[in-house]
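Coordinate inspection notes
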Amino acid sequence: HYLEAHAEEFPLLFNTILINVTSFFRDGDAWRYVASEIVPRIIAATRPDDAIRVWSAGCASGEEAYTIAMILAEQLGLEQFRQRVKIYASDVDEDALGQARHASYTRQQVEEVPPEYLTCYFERVEDRFLFHKDLRRSIIFGRHDLVQDAPISRVHLLTCRNTLMYFTRETQSRILSRFHFALRGGGYLFMGRAELLLTHGDLFTPVELKWRVFTKTIGANSREPVLLPVHGEGRDEMPNEEQIHLLALESDPVARVVVRADGVLALANARARALFRVNPQDIGKRLQDLELSYRPVELRSIIQEAVTQHQMVPRRDVVWPSESGEPRYLDIEVVPLRDGRGDGVGVQVSFSDTTRVRRLQEDLERSKNELETAYEELQSTNEELETTNTELRMRSDDLNHVNAFLESVLSGLEAGVTVVDPNFHVLAWNNRAEDMWGIRADEVQGRHLLNLDIGLPVEQLRQPIRNVLSQEGGQASLRLEAVNRRGKRIHCSIRVTPLRGSASETRGAIVLMEEQSAEPGA
């Protein structure tokens, strides 16, 4: 009794006692009976487009759920199986459920699988066997506490093999009442050989006692409520409508509790029990005696405010620490409850977990700030680029003015001028040079000076220019015989001077060529 009531407080001990012992086709004769007798009856009793729902309670590492899947797939065919079958496999052991979801088994674990099933429904990957991925989509694994959680409903086949034997007779009866509710009319319950206390004629009628197969007894009244939190007189006669309402409340993802007008905790759904660690024994206790009354917020004062004002009273962004240490945020709403005569009978308290929304809002705000910062940096960079562009434009204008000035100077000289770089490539060629040698500036720009075909013996300029470039001499002067563009023989007086850079380094040579008429008889 103590372990059942405190299972959440001692998960390791609880899971150690409830040892997960399972295998494929465990007790093969029993499974052959189910495959040959029970499954065909279920298929025959449903229309071709009806869903077939199966619940494997206490599924451990999944072998039982996959066994059911293979049997149904064999009889329905793969296409019909995918369209019609839903297998809900549940257990309290999260580690076992993790293994079940991976559907990966060793050679030893699949020894009992018939060879033809092993070939058809498993894929071998190295030393592991993986269950058919496409069929796996029809199997839903989830944590479920048979003692506290509401049952899965409207199932055709419910398997719970060698699980109830770990519970007391009283707890078994409570679980069986849930199984009775879970099965639809004509549904089947398949138990394990070790469970000998299951011949409850008021709930289930044996179909084949040898293999522990039962069917739901129609019209039977469960001695226990479908939902654990329901207390009070007359529970056995609860109408179906009320059961549906309570089931909806129990499965609500929002944590909800109901407090009676006298301050007694009347109900806490599954989400509230898990969130605030409310035990079944706490139902019926005064709220002021429970931790829930002051954590995560002083609840009694809010309840009093709602009752006094006759309206819903909210509290937003209440911080509730989680197990991981990260804060959790709850929106709390306290709503007064009134009966048909308008008298107050209690309050409903809802706890909506807004942590995800809060995190998204924080992320959005952070992203917004980062975007604003990036935009400001981009604006600053753009302004710097505009300033740089303006400076470059001004420098370009200045350079154009300088170039125009230099061109004007060169054009005004009486002597022909050419400027070469250290590799003798022509950088400048003025108008007088064009007139002397009959070749335009655009024709010589970038060409090697010594390769120009003009009336001047340019080869004789090689050494003087080299001397100037090597700074062996400040300048060089020479006089050469030449033929100008008109074919007239002339004497050309040439002076070579260095082209200096800003740091006084030699960046080329300036060659000045001045035409002088040849003496008569020369």
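Conventions used here
- Residues numbered from 1 in each chain as written.
- Predicted model: local features only at pLDDT ≥ 70, side-chain atom pairs only at ≥ 80, totals over all residues.
- Heavy atoms only, no water.
- Helix = DSSP H or I, 4+ residues; strand = E, 2+ residues; numbered from the N terminus.
- Buried < 20%, exposed > 50% of the residue type's maximum accessible area, 1.4 Å probe, protein only.
- Patch = residues over 30% accessible without salt bridge, like charges linked within 9 Å, V, L, I, M, F, W, Y side chains within 5 Å.
- Areas by Shrake-Rupley, 256 points an atom, 1.4 Å probe, with all protein chains shown as cover.
- Salt bridge = Lys/Arg side-chain N within 4 Å of Asp/Glu carboxyl O.
- Lys, Arg positive; Asp, Glu negative; His and termini not counted.
- Charge placed at Lys NZ, Arg CZ, Asp CG, Glu CD.
- Pairing = 2+ DSSP bridges.
- Axes fitted to C-alpha atoms, helices over the stretch in contact; angles between N-to-C directions.
- Contact = heavy atoms within 4.5 Å.
- Core = buried A, V, L, I, M, F, W, Y, C linked by side-chain atoms within 4.5 Å.
- Expected span 1.5 Å × (residues − 1).

1. Quick look at the overall build of the chain
Of the regular secondary structure elements, the chain holds 16 helices and 20 strands. With 522 residues in all, the chain has 43% of them scored as buried.

2. Observations concerning a negative patch on the surface
Taken together, Glu365, Glu372, Glu376 and Glu377 make up a surface patch of like negative charges. Within the secondary structure layout, Glu372 lies in helix α13 (residues 355–412). Its relative accessible area of 41% is what places Glu372 among the partly exposed residues.

3. Concerning the sheet that holds strand β4 (residues 122–125)
Judged by pairing direction, the sheet is antiparallel, and its three strands sit side by side in the order β3-β5-β4 without closing on themselves. Every other strand in the sheet has two partners, leaving β3 (104–106) and β4 as the edge strands with one partner each. In this sheet, neighbouring strand axes are inclined to one another by 35° on average, regardless of whether the strands run parallel or antiparallel. Contacts from helix α4 (residues 63–76) reach β3, β4 and β5 (128–131) within the one sheet, and its direction differs from that of β5 by about 60°.

4. Looking at the nonpolar core
Phe24, Met70, Ile87, Phe122, Phe131, Ile139 and Phe141 are the most contacted members of the largest nonpolar core, which has 46 residues in total. When residues of this core are assigned to their parent elements, the largest contribution, nine residues, is made by α4. What Ile87 contacts, discounting residues up to four positions off in sequence, is Val54, Ala65, Ile68, Ala69, Leu72, Phe81, Ser138, Ile139 and Ile140. Listed in part, the 31 residues of the second largest apolar core include Val426, Val458, Leu469 and Ala509.

5. Points about the pattern of salt bridges
In total, this model carries 30 salt bridges according to the counting rule given. For Glu333, the salt bridge identified is with Arg316, shortest N-O distance 3.4 Å. With Glu333 in strand β14 (residues 327–338) and Arg316 in strand β13 (residues 313–321), this residue pair connects regions lying 17 residues apart in the sequence. Accessibility expressed as a relative area gives 45% for Arg316, which makes it partly exposed. The salt bridge involving Arg489 is made with Glu481; its shortest N-O contact spans 3.3 Å. Residues joined by salt bridges that share partners form a network here, namely Arg432, Asp435, Arg485, Arg486 and Glu515.

6. Brief notes about helix α9 (residues 169–182)
Taking 1.5 Å of rise per residue, 14 residues should cover 20 Å, and α9 covers 20 Å from first to last C-alpha, within 8% of that figure. Of the residues making up α9, those classed as buried are Thr171, Gln172, Ser173, Arg174, Ile175, Leu176, Ser177, Arg178, Phe179, His180, Phe181 and Ala182.

7. Focus: the side chain of Glu63
If you trace the backbone, Glu63 turns up in helix α4. Within the buried core, Glu63 has no salt-bridge partner, and the shortest N-O distance to an opposite charge, that of Arg128, equals 8.8 Å. Beyond its immediate stretch of four places on either side in the chain, Glu63 contacts Thr22, Ser23, Phe24, Tyr105 and Gln109.

8. Digging into a nonpolar patch on the surface
Residues Leu399, Val402, Phe405, Leu406, Val409 and Leu413 make up a contiguous nonpolar surface patch of roughly 530 Å² in combined accessible area. Looking at the element boundaries, Leu406 is found in helix α13. Leu406 sits in the partly exposed class, given a relative accessible area of 44%.

9. Thoughts on the environment of Gly192
For Gly192, the position within the fold is in the loop between β8 (183–191) and β9 (204–208). Considering only alpha carbons, one finds Gly192 and Trp211, 19 residues apart in sequence, at a separation of 7.7 Å. Apart from residues lying up to four places away in sequence, Gly192 is in contact with Cys160, Arg161, Asn162 and Arg212.

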